[in-house]
Amino acid sequence: MPFEPINPPQFPTPIAPYSAGARAGNTVYVSGVLALGEGGAVLHVGDAAAQTRHVLEVIKTTLEAAGATMADVAMNHIFLKNLDDYAAFNQVYAEYFSGAKPARYCIKCDLVKPDCLVEIASVAHL
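Residues numbered from 1 in each chain as written. Predicted model: local features only at pLDDT ≥ 70, side-chain atom pairs only at ≥ 80, totals over all residues. Heavy atoms only, no water.

(A) View of helix α1 (residues 48-65). Between its first and last C-alpha, α1 extends 26 Å over 18 residues, near the 26 Å set by a 1.5 Å rise per residue. Within α1, the full set of buried residues consists of Ala48, Ala50, Gln51, Thr52, Val55, Leu56, Val58, Ile59, Thr62 and Leu63. Taken together, the buried residues of α1 touch β1 (4-6), β2 (21-24), β3 (27-33), β4 (73-80), α2 (86-96) and β6 (118-125). The N-terminus of α1 is capped by Asp47, whose side-chain oxygen sits 3.2 Å from the backbone nitrogen of Ala49. (Helix = DSSP H or I, 4+ residues; strand = E, 2+ residues; numbered from the N terminus. Expected span 1.5 Å × (residues − 1). Buried < 20%, exposed > 50% of the residue type's maximum accessible area, 1.4 Å probe, protein only. Contact = heavy atoms within 4.5 Å. Polar contact = N/O pair within 3.5 Å; in protein donor to acceptor, adjacent residues only side chain to side chain.)

And the structure:
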């Protein structure tokens, strides 16, 4: 099945060869999102809650560009640099998923840039 790349024009140029998202049929895949700005600069250094909010806003914008909403998200893949940030992450996350909760997993790992604290990849179904 062919897919449609989703690259909202307001986003900075990706730091690697990928699309922000892809729509295949009624499924939208959102690439792993970090709190990055122009030139790959890390935003909100040291603030997991602010990074989480930025990441979820980018996911929301990507989904909207594909015709989806946050309510369509069925699965989130969550990566945290430090599990001490789990509570701050969950507090912001709950604001974006206040209704039915998508499936998810959360692992602790190093991220592509040392100052990144949160990365999320999402799958939505229309």
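From this point, the narrative continues.
(B) Molecular detail of the layout of surface pockets. Within this model, the largest pocket holds a volume of roughly 460 Å³. Lining the largest pocket are 24 residues, with Phe11, Pro12, Pro14, Tyr18 and Val58 positioned closest to its centre. Where the lining of the largest pocket is concerned, the elements lending two or more residues are β3 and α1. If you tally residues by element for the lining of the largest pocket, the top one is β3, at three residues. For the lining of the largest pocket, a count of residues per class yields 14 nonpolar, nine polar and one charged. (1 Å grid on protein atoms, 1.4 Å probe; cavity = no way out; pocket = protein on both sides within 12 Å on 5 of 7 lines; lining within 4 Å. Points joined across faces, edges and corners; volume = space filled by probe spheres on them. Nonpolar A, V, L, I, M, F, W, Y, C, P; charged D, E, K, R; others polar.)

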